[in-house]
Amino acid sequence: MATAKPPSAVTQEVRFCRADDGVRLAWARHGAGPPLLIVSCWLSHLQHDWQSPVWRHFLDDLGDIATVVRYDERGFGLSEWGVADFSLERRLADLEALVEEAGLTRFAVLGMSGGAPVALAYAHAHPERVSGLVLYGAMAGGGLQQEDDAAEEAFLAMIRAGWARPDPLFRRVFTHAFIPDATEEQMVWMDELQRTSTNTENAVCSRIARGQVDVRPLLPEITVPTLVLHAEGDRVAPGWGPRLATALPDARLVLLDSRNHVLLADEPAWPVFRREVREFLHRGAGVAPVAPVSSLSEREREILLLAAEGLDNAAIAARLTLSVRTVERHLQNVYLKLGLSGRNARAAAVVRVLA
């Protein structure tokens, strides 16, 4: 039987900052090791999660291997609730503000569940800062919406009718989808998290906004190393793991033996998750190891050879039928792999590939 993990001596430091539109955002830091920024799912509460029989093992075990930075999105948890804009663009701008506030320069990003599109958009916009991307229970489009319009309307009706009620009857539907193999204690906690994390209006508006998100066009251009972890029986984001791993240029897929969207501490999949994340982080997060030229992809080598002919990025893009931005991203990834920086990085990379 799953039980809450005993409290540890680890503590978190909670801080607040302002987004560029003035909204107050709450963020926290704990643990030790290479930096790991968590872009969490739509339900979070920095303080409530810290006492959770569902989330606490995530916090403890990730804090053992990394310096974890996490936050409550606008409209949730300890962040400001009186907001109206839940768009992807607004959520990305909030993440950018938090990165600066936390003083992060180069770090790994863990995109969880409905937070994954924001993590993917950030990795697309700032590849030079992301040492590695971990996607867990992730999706790239559609949020948590049901594919059937009638079913989605029923879900929205349940939120409107039951989100704020003391009786968790309606909220239990969501709880059971997230953690079908949980104990009653864990389900009760998840029921309460929903009511504690935000109000009914925000729950409805954010769900609708997430349903309009689609970052799939960005995926082929995200070249940072990526680890995709996905439960095989996940009913919240079914089938998304293989789709993401196929679409991302440098991704590895690990399917987890679980039905839970949120892995529980005592199921066999949890040690697998923990080991995979630890090994991934220590291979590259927070460190820019110098890799041999042989580590470059075929496309990266092709771009460097065209650069050696004297072509600029626009000419390379035209030759390969790519966008200029895609060429720039491939070159940034080359510099990271080869440990190059500064004005001479391009020339040095060309010399390396021609040697």
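In what follows, the structure referred to is the one given above.
Residues numbered from 1 in each chain as written. Predicted model: local features only at pLDDT ≥ 70, side-chain atom pairs only at ≥ 80, totals over all residues. Heavy atoms only, no water.

**Digging into the sheet that holds strand β2 (residues 24-31)**
The 8 strands are arranged β1-β2-β4-β3-β5-β6-β7-β8 in an open sheet whose pairing can be described as mixed. The open sheet terminates on both sides in strands that have one partner only, identified here as β1 (13-18) and β8 (251-256). Between one strand axis and the next, the sheet turns through 20° on average, direction left out of account. Packed on one face of the sheet, helix α4 (residues 116-125) meets β3 (35-39), β4 (67-72), β5 (107-112) and β6 (130-136) and runs near 160° to β6. (Pairing = 2+ DSSP bridges. Helix = DSSP H or I, 4+ residues; strand = E, 2+ residues; numbered from the N terminus. Axes fitted to C-alpha atoms, helices over the stretch in contact; angles between N-to-C directions. Contact = heavy atoms within 4.5 Å.)

**Some remarks on empty space enclosed by the protein**
Picture a little ball the size of a water molecule; that probe, rolled over the atoms, points out where space is still empty. Counting across every chain of the model gives 5 cavities of 30 Å³ or more. Approximately 150 Å³ is the volume found for the largest cavity. The wall of the largest cavity is formed by 14 residues, among which Ile38, Ser40, Asp49, Trp55 and Arg70 lie closest to the centre. No other element matches the 3 residues that helix α2 (residues 56-65) contributes to the lining of the largest cavity. Per-class residue counts for the lining of the largest cavity are 10 nonpolar, 2 polar and 2 charged. (1 Å grid on protein atoms, 1.4 Å probe; cavity = no way out; pocket = protein on both sides within 12 Å on 5 of 7 lines; lining within 4 Å. Points joined across faces, edges and corners; volume = space filled by probe spheres on them. Nonpolar A, V, L, I, M, F, W, Y, C, P; charged D, E, K, R; others polar.)

**A word on the packing of aromatic side chains**
Under the criterion given, the structure shown has 10 aromatic pairs. Aromatic side chains tryptophan 163 and phenylalanine 174 sit 6.3 Å apart centroid to centroid with 70° between the ring planes, which places their arrangement in the edge-to-face category. Note that tryptophan 163 is positioned in the loop between α5 (149-162) and α6 (171-178) and phenylalanine 174 in helix α6, a separation of 11 residues in sequence. Residue class for tryptophan 163 comes out buried when judged on its relative accessible area of 1%. Of the residues examined, phenylalanine 174 reaches a relative accessible area of 5% and is grouped as buried. Through a chain of ring-to-ring contacts, three or more aromatic side chains come together here, namely Trp55, Phe58, Tyr136, Trp270 and Phe273. Taking NZ or CZ as reference, arginine 56 lies 4.3 Å from the ring centre of tryptophan 50, over its face. (Phe/Tyr/Trp six-rings, centres within 6.5 Å; stacked < 30°, edge-to-face > 60°. Buried < 20%, exposed > 50% of the residue type's maximum accessible area, 1.4 Å probe, protein only. Lys NZ or Arg CZ within 6 Å of the ring centre and 35° of its normal.)

**A closer look at helix α7 (residues 184-197)**
Over its 14 residues, α7 runs 20 Å from end to end, which matches the ideal 20 Å to within 8%, given 1.5 Å per residue. By the burial criterion, the buried members of α7 are Gln186, Met187, Trp189, Met190, Asp191, Leu193, Gln194 and Ser197. Of the surrounding elements, those touching the buried residues of α7 are α1 (46-50) and α6. (Expected span 1.5 Å × (residues − 1).)

**Quick word on the pairing of β6**
Judged by how many residues are buried, β6 sits mostly within the fold: 7 of 7 residues are covered. The handedness of the β5 to β6 crossover, carried by α4, is right-handed. In the sheet, β6 pairs with strand β7 (residues 226-231) via 4 bridges, with the strands oriented parallel. Across the sheet, leucine 133 pairs through a bridge with threonine 226, a residue of β7. (Right-handed = clockwise from strand over helix to strand, strands pointing away.)

**Quick notes on the packing of α5 against α6**
The interhelical angle for the contact between α5 and α6, taken along N-to-C directions, is 125°, at an axis separation of 9 Å. Comparing the axis directions of α5 and α6 gives the class oblique. Between α5, through Phe155, Met158, Ile159 and Gly162, and α6, the contact on the second element is made entirely by Arg171, Val173 and Phe174. A breakdown of the residues in the contact of α5 with α6 according to their chemical character gives 5 nonpolar, 1 polar and 1 charged. (Parallel < 35°, antiparallel > 145°, perpendicular 65-115°, else oblique.)

**Considerations on the nonpolar core**
If you look at the biggest cluster of nonpolar residues, it comprises 92 residues, and the most contacted ones within it are Leu120 and Phe273. If you tally residues by element for this core, the top one is α4, at 7 residues. (Core = buried A, V, L, I, M, F, W, Y, C linked by side-chain atoms within 4.5 Å.)

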